[in-house]
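A structural walkthrough
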Amino acid sequence: MDDDEAIREALCDLMMVTGLGCSTFDSAPAFLNDPGPNDFDCLITDVRMPGMSGIDLLERMRTGGSDMPVIMLTSVLDSNTRARALELGAQAWLTKPVADDALLDQLKTAIGAEDWPDEPGR
Amino acid sequence: MIIFDTEGAVHYWNPASEALYGWPALTMIGRGIGHLSTRSENEREHWRMLLQEGTWQGVVSRRTPSGIHIAVDIRQYVRFAQDGTPRDVIEYGRQSLSDGAVPGADWHIPDRLMAASWEIDVSASDALIATIARLRDEAAAEAQLNARYKDLVKAARIVNVNERTMRLVGGNRGRDLMIGQPVSGFWPLESRATLGELIVDAMTGKTEDATYRRQMPSDGILRDPLVTVWRAETHGRIYAAVNGTVDDDRSYVYLRASEARYRKLVHHMPIALWQVDASHMGRIYNDIRASGVTDFGAYLDEHPDLVELAATTVQITDVNRAAVQLLGGASALDLMRPVGYLFTVNRRSLHNVMIGRFNGQANYEEITKVETLDGRVLDVRMSVTYPKVLAELDVTIFSFEDVTERMSMEAEIRQLQADFTHAARISTLGELTTSIAHEINQPLAAIVTNAETSLRWLSRDDPNVEKVKALTARIAASGRRASDIVQHIRGMASKRQPERVATDLNEIVQESLIFIRHEIESQSIGIRTNLARGLPSTMADRIQLQQVVVNLLINSVQAVEAHSAGKREICIDTHRTENGALAFTLRDTGPGIPPDDIDRIFEGFFTTKEAGMGIGLAICQSIIAEHGGSISASNHPGGGAQFRFVIPVEAPDGSA
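Residues numbered from 1 in each chain as written. Chains lettered and ligands numbered in written order. Predicted model: local features only at pLDDT ≥ 70, side-chain atom pairs only at ≥ 80, totals over all residues. Heavy atoms only, no water.

1. What about the packing of aromatic side chains?
All names here are of chain B. Across all of its chains, the model carries 17 aromatic pairs over all chains by this definition. With a centroid separation of 4.8 Å and 80° between ring planes, the pair formed by Trp-23 and Trp-230 is classed as edge-to-face. Residue Trp-23 is located in the loop between α1 (15-21) and α2 (25-28), and its partner Trp-230 is located in strand β9 (residues 222-231); the two are separated by 207 residues in the primary sequence. Relative accessible area serves as the criterion here: at 2%, Trp-230 is assigned to the buried category. An aromatic cluster of three or more residues is present, and its members are Tyr-285, Phe-296, Tyr-299 and Phe-358. The ring of Phe-358 carries Arg-289 above its face, with NZ or CZ at 4.7 Å from the centroid. Above the face of the Tyr-341 ring, Arg-337 is positioned so that its terminal group lies 4.3 Å from the ring centre. (Phe/Tyr/Trp six-rings, centres within 6.5 Å; stacked < 30°, edge-to-face > 60°. Helix = DSSP H or I, 4+ residues; strand = E, 2+ residues; numbered from the N terminus. Buried < 20%, exposed > 50% of the residue type's maximum accessible area, 1.4 Å probe, protein only. Lys NZ or Arg CZ within 6 Å of the ring centre and 35° of its normal.)

2. With respect to the confidence of the model for chain A
Confidence along chain A averages 87 in pLDDT terms, with 95% of residues attaining 70 or more. Per-element mean pLDDT across chain A ranges from 89 in helix α2 (residues 28-32) of chain A up to 94 in strand β1 (residues 43-45) of chain A. (pLDDT = per-residue confidence, 0-100.)

3. Focus: the sheet that holds strand β11 (residues 272-277) of chain B
Residues and elements named next belong to chain B. Taking strand neighbours across the sheet as the criterion, the five strands line up as β12-β11-β15-β14-β13 in an open arrangement whose pairing is antiparallel. One side of each edge strand has no neighbouring strand; the edge strands of this open sheet are β12 (315-319) and β13 (363-371). Strand-to-strand twist in this sheet, taken as the mean axis angle between neighbours without regard to direction, amounts to 30°. Here β11 pairs with strand β15 (residues 396-402) via five bridges, running antiparallel. Looking at β15, one finds that Gln-275 is bridged to Ile-397. Packing against the sheet, helix α14 (residues 347-358) makes contact with β13, β14 (377-385) and β15, and its axis sits at approximately 165° to β13. The strands touched by helix α15 (residues 404-431) are β13, β14 and β15; relative to β14, the strand with the most contacts, the crossing angle is about 115°. (Pairing = 2+ DSSP bridges. Axes fitted to C-alpha atoms, helices over the stretch in contact; angles between N-to-C directions. Contact = heavy atoms within 4.5 Å.)

4. Section: the interface of chain B and chain A
Contact residues are listed per partner, giving 27 residues for chain B and 27 residues for chain A. Interface area lost by chain B to chain A is led by B:Gln442, B:Arg456 and B:Arg460, which between them contribute 23%. Taken together, the links from chain B to chain A amount to 12 residue pairs in polar contact (both at pLDDT 80 or more). Those elements giving two or more residues to the side of chain B that touches chain A turn out to be α16 (433-459), α17 (465-493) and α18 (505-522) of chain B. Among the elements that line the side of chain B that touches chain A, the one with the most residues is α16(B), at 15 residues. Of the residues that constitute the side of chain B that touches chain A, the class distribution is six nonpolar, 12 polar and nine charged. (Buried area = accessible area lost by both parts, 1.4 Å probe. Polar contact = N/O pair within 3.5 Å; in protein donor to acceptor, adjacent residues only side chain to side chain. Nonpolar A, V, L, I, M, F, W, Y, C, P; charged D, E, K, R; others polar.)

5. Describing the environment of B:Cys620
All names here are of chain B. Inspection of the secondary structure assignment puts Cys-620 in helix α20 (residues 616-626). Residue Cys-620 is classed as buried on the basis of its relative accessible area of 0%. C-alpha separation for the pair Cys-620 and Val-549, spaced 71 residues apart in sequence, amounts to 8.4 Å. Setting aside anything within four residues of it in sequence, one finds Cys-620 in contact with Val-548, Asn-551 and Ile-631.

6. Concerning a negative patch on the surface
Residues and elements named next belong to chain A. A surface patch of like charges, here negative, comprises Asp-39, Asp-41, Glu-114 and Asp-115. Take Asp-39: it is sitting in the loop between α2 and β1. Here Asp-39 falls in the exposed class, since its relative accessible area comes to 63%. (Patch = residues over 30% accessible without salt bridge, like charges linked within 9 Å, V, L, I, M, F, W, Y side chains within 5 Å. Areas by Shrake-Rupley, 256 points an atom, 1.4 Å probe, with all protein chains shown as cover. Salt bridge = Lys/Arg side-chain N within 4 Å of Asp/Glu carboxyl O. Lys, Arg positive; Asp, Glu negative; His and termini not counted. Charge placed at Lys NZ, Arg CZ, Asp CG, Glu CD.)

And the structure:
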């Protein structure tokens, strides 16, 4: 989830080459109101977004009982916000631009190695 | 009426007699009336009859100063003393009707009775007169003679003058102060040589009674004055009478004093003045105008030789002290040359001055440059006052005011303003660091991820070239986006002189939003824009206008941020006003401006922010003013602050 289309598309392509399926959302409300199956293995989200921030969303998910792994991917360097995210049980706090290996490692941890696709095409 | 004693010596000579005979009273009192008559035989008989009868009536012939004789009907009565002896004779006379053919008409100018009469003592100048007579025989140069004539007038002393003379040249000093003084002190400079010449004529003339006359140049008091000089009976004395129509009721002295005051005033005026005689150019202009030329500027472009003619032939006839000082001359003489030297740096200015004269303007003014005699170049405000079309004198006045210092000061102020504006932009950029970093970081993040994804596609056993192509295209797009943002920042950060180019106000608003977008989004502030379509572009400095919009936006974001309650929104609107100007309005849902602050909000260094310098809005105002527009702040009736600026589509200097 990111309000920036270029970021969304880039991350989505990274998922695809890795062999993961993914959906993109341009805002927290769009994600929350998505009529489709909402049982994702992991959420990668930006923090600063118009309407509802990534932290607000995480808070709301946790309040709603969701323990979905959430990776915060942001350019916000605010340590308080980071602490709050981790406190709310965020999987990871990564800063943009992120190295793909770092992101994929966190993703692998979140999903579990058993569910991780074999390296496609190898 | 004349009264003379029994010896014929005149005791009284009234103005009517002055009019009739042409001889001023001054020259007649004390003289024998007989010397005006030539028929001495008849005179003797007439005299005998008069004394015997006590009365006489008849026609006499009398000589006028012009040398002709007129016939006069006279009646004479003897007045007797108490002891019965004849005391004096009263004579009434008028020009004989039978004497119609007498050519004395030149004396019949209406106010000739107003002749200014002088009795002058030249007895001390016998030697000088003899020298002049010798020089004349040797046919000496005119200049040499003129100098001697003037010496003679300087040496000549006033013995007596009549009322008119006193009034014309004596001012309020009275006769006593004139008597004994040199004639030259009261005689117009231009005609002193003439008087001297006539004095020599009279003193060296063979005939005792001969009169010598000369027309003098008009002096502003008398029109076509005629001076007549003749020898008095007393040795070394001469009489002079000046006739002429009075042109100006003010006395010559008054005029002279007035002119002297004027000259003094001009001379001491702190502004540099040049007096120029361009009369011959006036005649040339008349000829050109008569040939149908109306666009004189174009005509001069085709005939640059005419400008050169003016430069080399239009003579400066006078300059004042300030002019000498301004151009660094040693004396006025250094500047009394043809006008060309005033236009060595900017010949075009002379061209403009000529057009003003041709077009019959009253004056002309421009800022130009002039080179001083010692080679410095000054910025000057040149003002030209042309002669009135119908004025007798063709005098053009140039004034030059040194504005070099002012111009350099203005340039300094402009520089200072630019520095300030720049500093404010940097400070604004400082406030926007987070937003800017975010704005650049976004495309960079996309680029990095896309690049790494591409590598993954390429390192697979079945490289997906199509996918890599698409990703590379996205990399390029994100790269361009980052580059655009950097360019905007560079524009805001760069130090440069403002420049006016055709600018689209809506584009400015959209670009400014890029800077501020992150701030807005992170504060969850809604932006509503209502940008009018088809707005004309305005001549503006893009970066400065952007600075204004960004500044106003930051203000609003901070206001909304501080105001936790209610809707968080900023509304931006652009439109064209009824006058065709461009208007930008920004309204926020913040707490509004405290009413006490509204009047001061655009003042320099006014701030309500703890960390603010208070130059943001002041600079907004100066930028908008520079663009010929205005900016205002108010509180919206529905809450929140509203800022509005209006700028003309055309630049203030008139360029479209």
